[in-house]
Amino acid sequence: MSKIYETYSPEETFELGKSFGEKAAKGEIFTLNGDLGTGKTVFTQGFAKGLGINEPVSSPTFTIIQEYEEGRLPFYHFDVYRIGDPEEMDELGYEDYFFGEGVCLIEWADIIGELIPDYAKRVTIEKNLEKGFDYRRITIEEG
Ligand code: ADP
Ligand code: MG
């Protein structure tokens, strides 16, 4: 099942992420794909808020993963932009997160596409400048 959402501001994307964070369940994996600056981190910030996380969330580009424990479920935020080889994910012990007690959200997940389980929920964010600078088309495919 695939749904398309359209947002016209970062706040709307945040709210959409928040609504998914509120419904998220243990063991779920969300992938986020879309060019730099489309709003993957904005969506993630809303998602974290929906899980009840109040501390600031930013892209863990250099650390690859950031864990948050203060919400309703453990939250594992990945940004795999700097992963050169999926083997680096093994070194991080990614399976403990993917198949663990919390919820994973992975920015730039296509880079490690071969490691993503079939049941992941796939979020794709696209711009369309004809519809305005702040317009985003957000497709969410749930397995
Ligand atoms: P990414 O993580 O995909 O690289 P960010 O979430 O860090 O992108 O940045 C998205 C940028 O786009 C922010 O500066 C945000 O304010 C801006 N923006 C403008 N319109 C939107 C929108 N509709 N949804 C999300 N972000 C938007
Ligand atoms: Mg980001």
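Residues numbered from 1 in each chain as written. Chains lettered and ligands numbered in written order. Predicted model: local features only at pLDDT ≥ 70, side-chain atom pairs only at ≥ 80, totals over all residues. Heavy atoms only, no water.

**Q** Honestly, a negative patch on the surface in this entry has me stumped. Any pointers?
**A** Taken together, the side chains of Asp85, Glu87, Glu88, Asp90, Glu91, Glu95, Asp96 and Glu114 present a region of like negative charge at the surface. Counting residues per element, the ones that place at least two in the negative patch are helix 3 (87–92) and helix 4 (94–98). If one sorts the elements of the negative patch by residue count, helix 3 sits on top with 4 residues. Looking at the element boundaries, Glu91 is found in helix 3. (Patch = residues over 30% accessible without salt bridge, like charges linked within 9 Å, V, L, I, M, F, W, Y side chains within 5 Å. Areas by Shrake-Rupley, 256 points an atom, 1.4 Å probe, with all protein chains shown as cover. Salt bridge = Lys/Arg side-chain N within 4 Å of Asp/Glu carboxyl O. Lys, Arg positive; Asp, Glu negative; His and termini not counted. Charge placed at Lys NZ, Arg CZ, Asp CG, Glu CD. Helix = DSSP H or I, 4+ residues; strand = E, 2+ residues; numbered from the N terminus.)

**Q** Would you explain the coordination of the magnesium ion (ligand 2) in this entry?
**A** Each pair of donors in an ideal four-coordinate tetrahedral metal site encloses 109.5 degrees, whereas pairs in an ideal six-coordinate octahedral site enclose 90 or 180 degrees. For the magnesium ion (ligand 2), every protein donor is listed as Thr41 (OG1), Ser59 (OG) and Glu107 (OE), and the spread of their distances is 2.2 to 2.6 Å. Donor residues for the magnesium ion (ligand 2) sit on one chain with the sequence pattern T-x17-S-x47-E. Taken together, the residues Ser59 in the loop between helix 2 (40–50) and strand 3 (65–68) and Glu107 in strand 5 (residues 103–107) connect sequence positions 48 residues apart. For Ser59, a relative accessible area of 27% corresponds to the partly exposed category. (Donors = N, O, S within 2.8 Å, 3.2 Å for Na, K, Ca; no water. Buried < 20%, exposed > 50% of the residue type's maximum accessible area, 1.4 Å probe, protein only.)

**Q** Help me out: how do you make sense of the site of ligand 1 in this one?
**A** Not every one of the 15 residues close to ligand 1 is listed here, only the nearest: Thr13, Gly37, Lys40, Thr41 and Asp134. Thr13 places a side-chain nitrogen or oxygen 2.6 Å from a nitrogen atom of ligand 1. Interatomic distance of 2.8 Å between a backbone N/O atom of Gly37 and an oxygen atom of ligand 1. Contact with the protein chains covers 75% of the free accessible surface of ligand 1, which is 570 Å². Considering only residue class, the shell around ligand 1 consists of 3 nonpolar, 7 polar and 5 charged. (Near = heavy atom within 4 Å. Polar contact = N/O pair within 3.5 Å; in protein donor to acceptor, adjacent residues only side chain to side chain. Nonpolar A, V, L, I, M, F, W, Y, C, P; charged D, E, K, R; others polar.)

**Q** Hey, could you run me through the packing of aromatic side chains in this one?
**A** The description of an aromatic ring pair rests on the distance of the ring centres and on the angle between the ring planes. For the coordinates displayed, the defined rule picks out 14 aromatic pairs. Taking the centre distance of 5.3 Å and the plane angle of 65° together, the rings of Tyr8 and Tyr135 count as edge-to-face. With Tyr8 in the loop between strand 1 (2–7) and helix 1 (10–23) and Tyr135 in the loop between strand 6 (121–127) and strand 7 (136–141), this residue pair connects regions lying 127 residues apart in the sequence. Under the relative-accessibility criterion, Tyr135 is labelled buried at 3%. Where Phe78 meets Phe98, the ring centres are 5.6 Å apart and the plane angle is 75°; that geometry is what we call edge-to-face. Residue Phe78 is found in strand 4 (residues 75–79), and its partner Phe98 is found in helix 4; the two are separated by 20 residues along the sequence. In this pair, the class of Phe78 matches that of Phe98, namely buried. (Phe/Tyr/Trp six-rings, centres within 6.5 Å; stacked < 30°, edge-to-face > 60°.)

Worth remembering: the numbers are spatial, not functional.
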